[in-house]
Amino acid sequence: MEKNDRAELNIPAGCVWLLLAFVPVIVILVSFILGGWSWGLMDDYSWVKMPGTVWERMSGSIGNPFLAGRFLPVHVLHSAFFYKIFAENPTAFYIFRWVECVVALGLWAFLSFRVTRSQFAAPLFIFVTLSFYKVYDAFFFLSTQEILGILFFGAAALFFLNAVESRFTDGGKIRWNSFSAGVVLLMLTFGSKEPFLVAGAALGISSIVVSLADRKKGILSLGIIGLMLAVAYAVFLKLFVMKGYSATYAATDPGVIGENLMLWAQKDLPFHVPWILLAALLMVCFFRTAFQKWTAVRTWAFLTGVTAYLGYLLVILPWSAWGHYVTPLGVFFGFAIAVLLADRIERLALSHTAGLFLLMFAFSMIVGAMALKFYATYQYDSANLMKWLATNSLFEHEVSLGAVVRGNAWEPCETIVNQVNGIYGKNYEKFVLTSSVREILADVKTRYYLWGRHWGDQDLSRLGAMWTPVFISDHWVLFRRMF
């Protein structure tokens, strides 16, 4: 009776906290509905202006990333189709992307509940995930690929769990139909973006470990299949894809890897620290049961989350450990924390649980508000910058006479120029990517320098008095050489 009463108490409480957990993204949806959102940056405008029907765009786009050193067919098909569908209504695309993000997060939230059977697992996952700042890139950068991988990986994990859960719990049969569907979804995960090959590795390694530890017959072979799929895909990428754009993937460069590891520690890890401290505190509070034997399902899920996090981080370290690249880390970390702590939070007194969740709510709201402010001002500042570039007669005159414009990242050098040309009918050459201020000073033909405040840490004091800002905003500063 006590257990039933507890369940009756927790079910509505879990629903209330789950609703509160989604408040940050509900606020984002309201901002989308109220309007004012146009095409962002990244690759938006290139996809919008791609000619042809939906089928022509889809069939013509598959080979281009492959030839350039990328292979992400699922993302290409998704972009070719939906940028065509929403070409005249960017606000509708933002709302659609919001739905995709919520479904993706919902799959992982449901998976955490399915594994733990705790009503607090789903809201805990959402709170932890939405307190990771770069997760919000998926909502605001329409052309990023990570959310598709997160979505299909979550669906693949659910089907895989459905396939093996009976074998995990009571030695029952493996559901091969669910396993086959999981493999198909795993292939879609791989095709969303290259680093998601870790999805197969995570599912495979966790299955192998649980099989060897608990002697679960049949699970070992399934784990080996998942791991081998990931290895085979990695070999395919190495032999047939890595060239051009991806040729700079510095897998053997300890300097690049070290820099990105330091970047992860400075930019990503701080958002994990509060939850790591919470986990340590709850382990101390429930020390007697902190290391009690878990069910095979729960062990498998926790290992999947941890392995996915560590594997994904290792894969992106030779590339970049910040920006939209790290979005999946927030999801994998949130899933691992939810599986680890959900039942421990249930053991707390009601007042302690309420206080803890209110702190979680405040934390996620602060991070969500920061993200919404950043992206809203980013769009506003970028639109004003593009208008300035298109309407300033002196700038246009000097560029037409051969003046060189440089910038400190691809975003200002290429994407902004493409949008200025497309929206305002200009014919500006792409700006020259320049990461060192020294190169600007050495080139007398360089008249303008477009500096994005969020890219790099250039020492602008080297510009001296001869460079004067002619456009200033929260996100962009355009300098002009005055003599």
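Above this note sits the structure.
Residues numbered from 1 in each chain as written. Predicted model: local features only at pLDDT ≥ 70, side-chain atom pairs only at ≥ 80, totals over all residues. Heavy atoms only, no water.

Novice: I'm lost on the packing of helix α8 (residues 121–130) against helix α17 (residues 327–346) in this one. Help?
Specialist: Think of two packed helices as two axes; the pair is described by the angle between the axes and how far apart they sit. Contact geometry for α8 and α17: axes closest at 8 Å, N-to-C directions at 140°. Between α8 and α17, the angle is such that the two are oblique. The handedness of the crossing between α8 and α17 is right-handed. In this structure, α8 contributes A121, L124, F125, V128 and T129 to the contact, and α17 contributes G330, V331, F333, G334, F335, I337, A338, L341, A342 and I345. Looking at the contact of α8 with α17, its residues break down into 12 nonpolar, 3 polar and no charged. (Axes fitted to C-alpha atoms, helices over the stretch in contact; angles between N-to-C directions. Helix = DSSP H or I, 4+ residues; strand = E, 2+ residues; numbered from the N terminus. Parallel < 35°, antiparallel > 145°, perpendicular 65-115°, else oblique. Left-handed = near helix turned anticlockwise from the far one by under 90°. Contact = heavy atoms within 4.5 Å. Nonpolar A, V, L, I, M, F, W, Y, C, P; charged D, E, K, R; others polar.)

Novice: Where do I start with the packing of aromatic side chains in this structure?
Specialist: Geometry of an aromatic ring pair is reported as the spacing of the ring centres plus the angle between the planes. Tallied over the full model, the rule gives 50 aromatic pairs. A centroid spacing of 6.0 Å and a plane angle of 35° characterise the contact between Y233 and F236, whose relative ring orientation is tilted. With Y233 and F236 both in helix α13 (residues 219–241) and 3 residues apart, the pair spans about one turn of that helix. In this structure Y233 comes out as buried when scored by relative accessible area, which is 11%. Judged by its relative accessible area of 24%, F236 is partly exposed. (Phe/Tyr/Trp six-rings, centres within 6.5 Å; stacked < 30°, edge-to-face > 60°. Buried < 20%, exposed > 50% of the residue type's maximum accessible area, 1.4 Å probe, protein only.)

Novice: Mind showing me how you'd approach the pattern of salt bridges here?
Specialist: It is possible for side chains of opposite charge to pair when their charged atoms get near one another. This model, assessed by the stated rule, comprises 14 salt bridges. In this structure, R480 and E398 form a salt bridge, with 2.7 Å as the shortest nitrogen-oxygen distance. Of this pair, R480 sits in strand β5 (residues 476–481) while E398 sits in helix α19 (residues 393–400), placing them 82 residues apart in sequence. Taking the relative accessible area as the measure of exposure, R480 reaches 12% and is therefore buried. With a relative accessible area of 10%, E398 lands in the buried category. When the shortest N-O distance is used, the salt bridge between K430 and E414 registers 3.5 Å. Highlighted residues: K430 in the loop between α20 (410–424) and β2 (432–433) and E414 in helix α20, separated in sequence by 16 residues. Among the charged side chains, a salt-bridge network with shared partners connects R298, D343, R344 and R347. (Salt bridge = Lys/Arg side-chain N within 4 Å of Asp/Glu carboxyl O.)

Novice: Sorry if this is basic, but what is going on with the environment of S38 here?
Specialist: Among the structural elements, S38 can be located in the loop between α2 (23–34) and α3 (44–48). Along the backbone, S38 and V103 are 65 residues apart, and their C-alpha atoms lie at a distance of 23 Å. With residues near it in sequence (within four places) discarded, S38 still touches P90, Y94 and Q379.

Novice: Looking at this model, I keep getting lost on the sheet that holds strand β3 (residues 446–452). Mind explaining?
Specialist: What links the strands of a sheet is backbone hydrogen bonding, and the strands pair in either a parallel or an antiparallel sense. The 5 strands are arranged β2-β1-β3-β5-β4 in an open sheet whose pairing can be described as mixed. If you trace the sheet from one side to the other, it starts and ends with β2 and β4 (467–472), each paired once. For β3 and β5, the ladder comprises 5 bridges, and the chain directions are antiparallel. What sits directly across from Y449, in β5, is F479. Packing against the sheet, helix α18 (residues 350–391) makes contact with β3, β4 and β5, and its axis sits at approximately 25° to β5. (Pairing = 2+ DSSP bridges.)

Novice: What's the story with unusual backbone geometry in this structure? I'm lost.
Specialist: Most peptide bonds are trans, and most residues other than glycine sit at a negative phi. Here R117, not a glycine, exhibits a phi torsion of approximately 60°, which is positive. Here R117 shows up in the loop between α7 (90–116) and α8. By relative accessible area, which is 52% here, R117 ends up exposed.

Novice: Where do I start with the side chain of S206 in this structure?
Specialist: Structurally, S206 can be placed in helix α12 (residues 198–214). At a separation of 2.9 Å, a polar atom in the side chain of S206 contacts the main-chain carbonyl oxygen of A202. A distance of 3.1 Å separates a polar atom in the side chain of S206 from the backbone oxygen of L203. Not counting the four nearest positions on each side in its chain, S206 is found in contact with W300, L303 and T304. (Polar contact = N/O pair within 3.5 Å; in protein donor to acceptor, adjacent residues only side chain to side chain.)

Novice: How should I be thinking about the pairing of β3 in this particular structure?
Specialist: Along any regular strand the residues' side chains alternate between the sheet's two faces. Taking burial as the measure, the 7 residues of β3 include 6 buried ones, the bulk of the element. Direction of pairing for strand β1 (residues 404–407) relative to β3: parallel, over a ladder of 4 bridges. Opposite V405, over in β3, you have Y448 as the bridge partner.

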